[in-house]
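So the chains spell out like this:
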Amino acid sequence: MNRLTWALADGWTVTRREVTHWTANPGQLVAGLLFPVMVLLLFAYLLGGGIAVPGGDYREFLMPGMFAMTMVFGLEGTFTAIANDVTKGVTDRFRSLPMASSAVVSGRAAADMLTTVLSLTVLIVSGLAVGWSARNGFGDALAAVGLLLWLRFALLWAGIWLGLKIRNPEAVMALQILVWPIGFLSNAITSPATMPGWLGVIADWNPLSSTAAAARELFGNPGWANDTWAAAHALELALAWPLVITAIFAPLSVRAYRNLSR
Amino acid sequence: MPLSVLGALNRRLYGTLYGMTYTIEAHGLVKRYGARAALDGFDLAVPEETVHGLLGPNGAGKTTAVRVLTTLLRPDAGTARVAGFDVTRDGGQVRRRIGLVGQHAALDEALSGRANLEMFGRLSHLRPKAARLRAGELLDRFGLGDTGRKAVKDYSGGMRRRLDLAAGLILSPPVLFLDEPTTGLDPRGRAEVWAAVRALVADGTTVLLTTQYLEEADQLAHRITVVNEGRQVAEGSPEELKKTVGGDRVEVVVHDPADLPAAAALLGPAAETDPDTRRVSAPAPDRMATLSAVVHDLAASGIAADDVAIRRPTLDEVFLHLTRGAA
């Protein structure tokens, strides 16, 4: 086998480790998959009654927001796993083996994308169960899913960088909590137009909002009338934001990984 | 068995082909973190098929040295060769010939012992079947055969360390680095790890061992390098090192502290007194003759002694002697 096939084989071995975690600890997997469903039910049935979407059903509005929010919350899984491996010495053991060094990162990335697809599938099924549906046909729905995964892929790099930089368990906990405001300071659950001025602007420009709004368009779900530039160019931004995030954090991650040997 | 025989043959070939004298060699290694030098001109030479102890206080640079030698860390200056390959230029070749057992058990806690070994085997580029066989072999060898399916988080400390050791041995590496392999283990766990290391050396592995426990170095290491402030301060066999702090001493513990000056006078001008332990000691070049003379003199002068003995310096004393001055 040559270098490239070894890099792929090693990456797959690291990915399979995550799959083995699922079978070894199914409770944890199920809890992780049900968490977004719980948040969904919370908003759809407990709080949603008090939120009226002009010209549409709140649950129809909510689902794309929940999808996008799940992509952002996936960030926690990435940096927690990376930071754990670094502190436990597992990363050092990997680095002392004759394996392809790229596999440590590519294996993690593939594992997290796999988890995301699983999580998104569960959430889509739950959405269908609470009355949500994709109204623009299969092609557009697939494009929406593509945009969601594109955001998750970009956030992988942010997560890898964070995990390599922030190593102590307390900081990891603090960071897990900090992901929440990023999720809620968006149009995922309600319109930025209902927020105080400057907060609304931040929420409007949150990459999560662009992806959620673009997904609403593609799924044919109602949006919230919002005449800001960011809202009007949701599709373009949903493509551009992840590109920007990747362009920033992929090189930073590679550098942070190299710096482990400094 | 066939694997380890092949490994031994392989190692012999290296030796003859490259005329290699030392399996691990370091010259003038420097590693700086800001203004602090973790390694400051570190030298090391470890002959084939021996256990070499790296001793030093916390922060002396032991772990940094191991990290450089295992290609995990780039030195700022100096060179090092492991199993015949330069650690900075031929990292890949070095990694194929070493095993590393670090300070923490670097294992996936959620996986079983067997799954851990199989994963590391696959990442060491063994075929799936070979990785499976090797995992089984190592589990049996380290007495983990019947616990191989249990998740590592349910292992005891000693079991974890043995599994960690097994993970470092997947490719039957000719060179093994053990960074404080028994830190935090109870005496039984420590004995288990010691037995495993002895068995390895019997099989022809070269081991570099860092430790804070002098007894461990005394028990396991053929030669010892004492490190302080990133540099080698002494090198030799445990016996040689003990001789550097002086030969045998005669030691008297007096019953009544008031007798200390009189006892010291008996032992001659080189006597050292430690009032806290009511102890007086002096060099005993003639061992038994000195001892019987001291016993006789004590009786003659009516000094009551609780204990009189000939004592050989311990490695602890060597260590304190070598690292105290510099610190």
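Here the structure is a predicted model, which is why all the values come from computation and not from measurement.

(A) Main features of the packing of helix H1 (residues 3-24) of chain A against helix H5 (residues 102-129) of chain A. Residues and elements named next belong to chain A. Packing of H1 against H5 brings their axes to within 7 Å, and their N-to-C directions diverge by 45°. Classified by the angle between their axes, H1 and H5 sit oblique to one another. Considering only the axes of H1 and H5, their crossing is right-handed. Counting all contacts with H1, which are made through Ala7, Asp10, Gly11, Val14, Thr15, Glu18, Val19 and Trp22, the residues of H5 involved are Ser102, Ala103, Val104, Ser106, Gly107, Arg108, Ala110, Ala111, Leu114, Thr115 and Leu118. Each residue belonging to the contact of H1 with H5 can be placed in one class, and the counts come to ten nonpolar, six polar and three charged.

(B) Local environment of the pairing of strand E3 (residues 51-55) of chain B. All names here are of chain B. With five of five residues buried, E3 is to be regarded as a mostly interior element. On E3, burial covers both faces: Val51, Gly53 and Leu55 on one face and His52 and Leu54 on the other are all buried. Summarising the sheet, E3 and strand E8 (residues 206-211) pair through five bridges and their orientation is parallel. By the bridge assignment, Gly53 is partnered in E8 with Leu209. By the bridge criterion, four bridges tie E3 to strand E9 (residues 223-228) in an arrangement that is parallel. Paired with Leu55 across the bridge in E9 is Val226.

(C) Here's a closer look at the UniProt feature "transmembrane region" (unreviewed entry) in chain A. Residue and element names in this part refer to chain A. The sites that carry the UniProt feature "transmembrane region" (unreviewed entry) are, in the present numbering, residues 29-53, 65-84, 105-129, 141-164, 171-189 and 239-257. Helix makes up 100% of residues 105-129 and strand 0%, and the two end C-alpha atoms of the span are 36 Å apart. Overall, residues 141-164 shows 100% helix and 0% strand. The separation of its end C-alpha atoms is 35 Å.

Definitions and limits used
- Residues numbered from 1 in each chain as written.
- Chains lettered and ligands numbered in written order.
- Predicted model: local features only at pLDDT ≥ 70, side-chain atom pairs only at ≥ 80, totals over all residues.
- Heavy atoms only, no water.
- Axes fitted to C-alpha atoms, helices over the stretch in contact; angles between N-to-C directions.
- Helix = DSSP H or I, 4+ residues; strand = E, 2+ residues; numbered from the N terminus.
- Parallel < 35°, antiparallel > 145°, perpendicular 65-115°, else oblique.
- Left-handed = near helix turned anticlockwise from the far one by under 90°.
- Contact = heavy atoms within 4.5 Å.
- Nonpolar A, V, L, I, M, F, W, Y, C, P; charged D, E, K, R; others polar.
- Buried < 20%, exposed > 50% of the residue type's maximum accessible area, 1.4 Å probe, protein only.
- Pairing = 2+ DSSP bridges.
- UniProt positions renumbered as here; feature names shortened; annotations may be inferred.

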